[in-house]
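Take a look at the letters that make up each chain.
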Amino acid sequence: MNKSICTLIAVVMLSASCDSYLDVKPYGRTIPKTPEEFSALIHTHLNNVDEGATFLIDNATRITRYDVGAGDDFEAVLTQQAGRTLPVYIGSLLNGSAYEPYINLYRVIKDCNIVIGEIQPDGTDLSTRTLSTAYALRGVAYYQLLRLYCEAPQQGHFEAQAGVPLVTSFDMTARPIRSSMQQTVSRIEEDLNRAVSFQNTDALYLFTADVVKAYLARLYFWTEQWQKALDAARELQARYPLLSGDDYKEMIAHPLAKKYNHILTAYGRSTGSNDSEESLASRTLQYRPVSKRFINCFQNGEAATDIRYALCLDKERKAVKPFFCGIRGAELKLIEAEALAHLGQTDAALKALNELRAARITGATPYTLLTLPEANPDERIKVDAEGKTLTKLMGAILNERRKELFLEGDRMFELKRNGTPEFWTAYNGLRYNTLRYMYTFPIPESEIRINPAIIQNAGYTELLSN
């Protein structure tokens, strides 16, 4: 970002309360007036994506927290002393830092509301792309809030399940209560579809039409809208196909390279310095070995033939895969396979699963209904997203997803989405219990202090302090 834009950002940025967006007042400041000023406001958040400094998309630190601390891909009990700063279990995340995404994302929403409500489209590319990006960012911010601060969706119960407070205009006095999950999902879908309607293809704005469509696929997948998820995933696969062999290795080894089938990545302006956040997180991770449960995902001798095994861990069970913070093409194939399985289209689901395996496993024999492996009895996930006992097919799909998206910020949400299993972790002579309610983060105390009508999430009888 050039110096003039940075200066403009400093001029137009509104002051923010230390509590949250819902308590923001523009003391002595003025709302932007020109397309350039609105664009500068939006580019503040795009710049944060490029620097890995936003909750719109994960960074290396949060992947370490979600996948290493809250998941089960690593063995906490075997952590070396130098890795004592690593979170032990999901409860390690439920301190004041659990409030940070909420506060950060509502600040993004606040700026998007200013743009959406105040910009006067003049037909120029600048105003059109700025407005498109504002809708995209607001939709993605609410999607992130949905995953973190709402229970796992239960199709057919969205009206009864709690969503998040919805703010769609810049109102200094607004104190909204929590919406229903259905209202939250509808808000996200409407915003993302509005962003797509502008057909923005300018990569400078990061959240192009394809990126927004990928988030729609994620939204439909998370909320069990299987046909919509399938349609969205299939549309994008032609442009972001599965890679295999050396191309796949290069993509995993260079997660910031834009020439591969990455749909969106954080750290777009990373220098790759050894002092970078990613390098620090990776070095710390060396002190906690990969779990036997994860290794057991490579069944029937596939550790020797599955390209992902050596890309994920070494002979000492240390993780060697670089962090990837973003969206890439293989996720679409996984969405396709699972959506088809939930829709009862078994043969098509098997075909999609076998296509992924063929791109990863040398000499892979295609699965049939008769040759699908038994579900691993040690697997934490026992039921699927709809609460049904895992079939062999669904177990195989989830197994491939776990291998494919290792260290990509997916595992905690997979556990939450598929039954929110309770289990315990041993560390330093103590037992740490992951309980069902912990998968849903607490609403910040500051929000409830400002608006006592906001209902706290179940399980948090005592508010956490900031």
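Calculation criteria
- Sequence order as written defines residue numbering, which begins from 1 separately in each chain.
- Totals for whole chains, interfaces and linings use every residue, but because this is a predicted model, local features are given only for residues with pLDDT of at least 70 and side-chain atom pairs only at 80 or more, for both listing and counting.
- In computing side-chain values, all of the structure's heavy atoms are included and hydrogens and water are not.
- UniProt positions are given in the numbering used here, feature names are shortened, and annotations may be inferred rather than shown by experiment.
- Secondary structure follows DSSP: runs of H or I at least 4 residues long count as helices, runs of E at least 2 residues long count as strands, and numbering of each begins at the N terminus.
- To sort residues, take the accessible area from a 1.4 Å probe on protein chains only and compare it with the maximum for the residue type: under 20% means buried, over 50% means exposed, and anything in between is partly exposed.
- Contacts were defined at the residue level, with two residues in contact if any of their heavy atoms lie within 4.5 Å.
- On a range of 0 to 100, pLDDT expresses the predictor's confidence in each residue.
- Multiplying one less than the number of residues by 1.5 Å gives the expected span of a helix.
- Counted as salt bridges are all cases of a side-chain nitrogen of Lys or Arg within 4 Å of a carboxyl oxygen of Asp or Glu.
- In this analysis, axes come from line fits to C-alpha atoms, helices being fitted only over the stretch in contact, and the angle between any two N-to-C directions falls in the range 0 to 180 degrees.
- Orientation categories follow fixed angle ranges, with anything under 35 degrees roughly parallel, anything over 145 roughly antiparallel, 65 to 115 roughly perpendicular, and all other angles oblique.
- Put simply, a crossing is left-handed when the front helix is turned counterclockwise from the back one by less than a right angle, and right-handed when it is turned clockwise.
- Residues are grouped as follows: Ala, Val, Leu, Ile, Met, Phe, Trp, Tyr, Cys and Pro are nonpolar; Asp, Glu, Lys and Arg are charged; every other residue, Gly included, is polar.
- Take the buried residues of types Ala, Val, Leu, Ile, Met, Phe, Trp, Tyr and Cys, join any two whose side-chain atoms come within 4.5 Å, and each joined set is a nonpolar core.
- A pair of strands is considered paired only if DSSP assigns at least 2 bridges between the two.
- Pairs were defined over the aromatic rings of Phe, Tyr and Trp, the Trp ring being its six-membered one, requiring ring centres within 6.5 Å. Orientation was assigned from the angle between planes: stacked under 30 degrees, edge-to-face over 60, tilted for the rest.
- Whether a charge sits over a ring depends on NZ of Lys or CZ of Arg being within 6 Å of the ring centre and within 35 degrees of the ring normal.

Under the annotation held in an unreviewed UniProt entry, the protein chain carries the name SusD family protein and is attributed to Segatella buccae ATCC 33574. The Sequence similarities (unreviewed entry) field of the UniProt record for the protein chain holds the comment "Belongs to the SusD family." You can read under Subcellular location (unreviewed entry) in the UniProt record for the protein chain the words "Cell outer membrane".

Colleague: I tried to follow unusual backbone geometry on my own but got confused; where do I start?
Modeller: Comment: phi is negative for the bulk of residues other than glycine, and the bulk of peptide bonds are trans. Backbone geometry places leucine 206, a non-glycine residue, at a positive phi of 60 degrees. Looking at the secondary structure, you find leucine 206 in the loop between α6 (181-197) and α7 (209-222). The phi dihedral of leucine 407 is positive, around 55 degrees, even though this residue is not glycine. Counting through the fold element by element, leucine 407 comes out in the loop between α15 (392-404) and α16 (411-417). The class of leucine 407 is buried, set by a relative accessible area of 1%.

Colleague: Any chance you could explain the environment of threonine 130 here in plain terms?
Modeller: Here threonine 130 lies in helix α5 (residues 125-149). Taking relative accessible area as the criterion, threonine 130 reaches 0% and is therefore assigned buried. Measuring from C-alpha to C-alpha, the distance between threonine 130 and cysteine 112 comes to 9.6 Å, with 18 residues separating the pair along the chain. Those residues in contact with threonine 130 that lie beyond four places of it in its chain are Phe38, Ser39, Ile42, Val115, Ile119 and Tyr205.

Colleague: When you look at the confidence of the model for the protein chain in this model, what are you seeing that I'm missing?
Modeller: As a note on interpretation, predicted positions should not be read in detail where pLDDT is low. Counting all residues, the mean pLDDT for the protein chain is 90, and 90% of those residues have values of 70 or more. Low pLDDT, under 50, characterises residues 1-28; the stretch is placed with 64 contacts to residues that sit more than four places away or in other chains. Scored below 50 in pLDDT, residues 271-275 shows 3 contacts in the model against residues more than four places distant or in partner chains.

Colleague: Hey, could you run me through helix α8 (residues 226-237) in this one?
Modeller: Given 3.6 residues per turn, any residue in an α-helix points the same way as the ones three and four places further on. Over its 12 residues, α8 extends 16 Å from the first C-alpha to the last, a length consistent with the 16 Å expected when each residue adds 1.5 Å. Among the residues of α8, Trp226, Ala229, Leu230, Ala232, Ala233, Leu236 and Gln237 are the ones counted as buried. Among the structural elements, α7, α13 (329-342) and α16 are those in contact with the buried residues of α8.

Colleague: Can you walk me through the side chain of lysine 213 in this structure?
Modeller: Inspection of the secondary structure assignment puts lysine 213 in helix α7. Residues contacting lysine 213, with those up to four places away along its chain left out, are Val196, Ala232, Glu235, Leu236 and Arg239.

Colleague: Help me understand the pattern of salt bridges in this model?
Modeller: Any two side chains of opposite charge can pair, on the condition that their charged atoms come close. Counting across every chain of the model gives 42 salt bridges. Connected through salt bridges with shared partners, the residues Glu302, Asp306, Arg308, Lys321, Arg328, Arg357, Arg360, Glu400, Lys403, Glu404 and Glu408 form a single ionic network.

Colleague: In this structure, what is going on with α7? I would like to understand it.
Modeller: In a regular helix each residue adds 1.5 Å, so 14 residues correspond to 20 Å; α7 covers 20 Å between its end C-alpha atoms and thus fits that length. Summarising burial for α7: 14 of the 14 residues are buried, a large majority. Of the residues flanking the end of α7, it is glutamate 224, one or two places downstream, whose phi is positive at about 65 degrees.

Colleague: Would you mind going over the environment of proline 87 with me for this structure?
Modeller: Take proline 87: it is sitting in the loop between α3 (60-69) and α4 (100-118). Placed 17 residues apart in sequence, proline 87 and alanine 70 show a C-alpha to C-alpha distance of 7.7 Å. Leave out the neighbours within four places in its chain, and proline 87 touches Thr64, Arg65, Val68, Gly69, Ser92, Leu93 and Arg288.

Colleague: What exactly am I supposed to notice about the packing of α6 against α7 here?
Modeller: A pair of packed helices is captured by two measures, namely the crossing angle of their axes and the spacing between those axes. Contact geometry of α6 with α7 gives a least axis separation of 9 Å together with a crossing angle of 160 degrees. Considering the angle they form, α6 stands roughly antiparallel to α7. Between α6 and α7 lies a crossing of left-handed hand. Mapping the contact onto sequence places Val185, Ile188, Glu189, Leu192, Asn193, Ala195 and Val196 in α6 and Ala209, Val212, Lys213, Tyr215, Leu216, Leu219 and Tyr220 in α7. In terms of residue class, the contact of α6 with α7 is made up of 11 nonpolar, 1 polar and 2 charged.

Colleague: How should I be thinking about the nonpolar core in this particular structure?
Modeller: Considering soluble globular proteins, one finds that nonpolar side chains tend to be buried as a cluster. Grouped together as the largest cluster of nonpolar side chains are 125 residues, with contacts concentrated most on Leu145, Phe207, Tyr215, Leu407, Met412 and Phe441. For this core, the leading source of residues is α5, giving 13 residues. Contacts of methionine 412, omitting those with residues within four sequence positions, involve Tyr66, Asp67, Ala70, Ile90, Leu93, Leu148, Tyr439 and Phe441.

Colleague: Would you explain the pairing of strand β5 (residues 423-427) in this entry?
Modeller: When a strand is regular, its side chains alternate between the sheet's two faces. Burial along β5 is one-sided: the face carrying Phe423, Thr425 and Tyr427 is buried and the face carrying Trp424 and Ala426 is not. Summarising the sheet, β5 and strand β6 (residues 430-434) pair through 5 bridges and their orientation is antiparallel. Each bridged residue has a counterpart across the sheet, and for alanine 426 the counterpart in β6 is arginine 431. With antiparallel pairing between neighbouring strands as the criterion, β5 and β6 make up a hairpin whose turn holds 2 residues, including asparagine 428 at a positive phi of roughly 55 degrees.

Colleague: Hey, could you run me through the environment of leucine 280 in this one?
Modeller: By the element assignment, leucine 280 lies in helix α10 (residues 277-285). Under the relative-accessibility criterion, leucine 280 is labelled partly exposed at 48%. Measuring from C-alpha to C-alpha, the distance between leucine 280 and alanine 60 comes to 9.0 Å, with 220 residues separating the pair along the chain.

Colleague: Is there a simple way to think about the side chain of threonine 133 in this case?
Modeller: Structurally, threonine 133 can be placed in helix α5. Residue classification places threonine 133 among the buried positions, given a relative accessible area of 0%. Apart from the residues lying within four places of it in its own chain, the contact partners of threonine 133 are Ile42, Leu46, Asn200 and Tyr205.

Colleague: Mind showing me how you'd approach the packing of aromatic side chains here?
Modeller: Under the criterion given, the structure shown has 17 aromatic pairs. Residues phenylalanine 294 and phenylalanine 298 carry aromatic rings whose centres are separated by 5.7 Å and whose planes lie at 80 degrees to one another, so their mutual orientation is edge-to-face. Taking relative accessible area as the criterion, phenylalanine 294 reaches 0% and is therefore assigned buried. For phenylalanine 298, a relative accessible area of 7% gives the class buried. Pairing phenylalanine 298 with tyrosine 309 gives two aromatic rings, centres 5.0 Å apart and planes at 90 degrees, and the pair type is edge-to-face. Within this pair, whereas phenylalanine 298 is found in the loop between α11 (292-295) and α12 (307-312), its partner tyrosine 309 is found in helix α12, the two being separated by 11 residues in sequence. Among the aromatic residues, those joined into a ring-pair cluster are Tyr66, Tyr102, Tyr106, Tyr142, Tyr149, Trp222, Phe413 and Phe441. The ring of phenylalanine 55 carries the charged tip of arginine 62 above its face, separated from the ring centre by 4.0 Å. Over the aromatic face of tyrosine 248 sits the side chain of arginine 360, whose NZ or CZ is 3.7 Å from the ring centroid.

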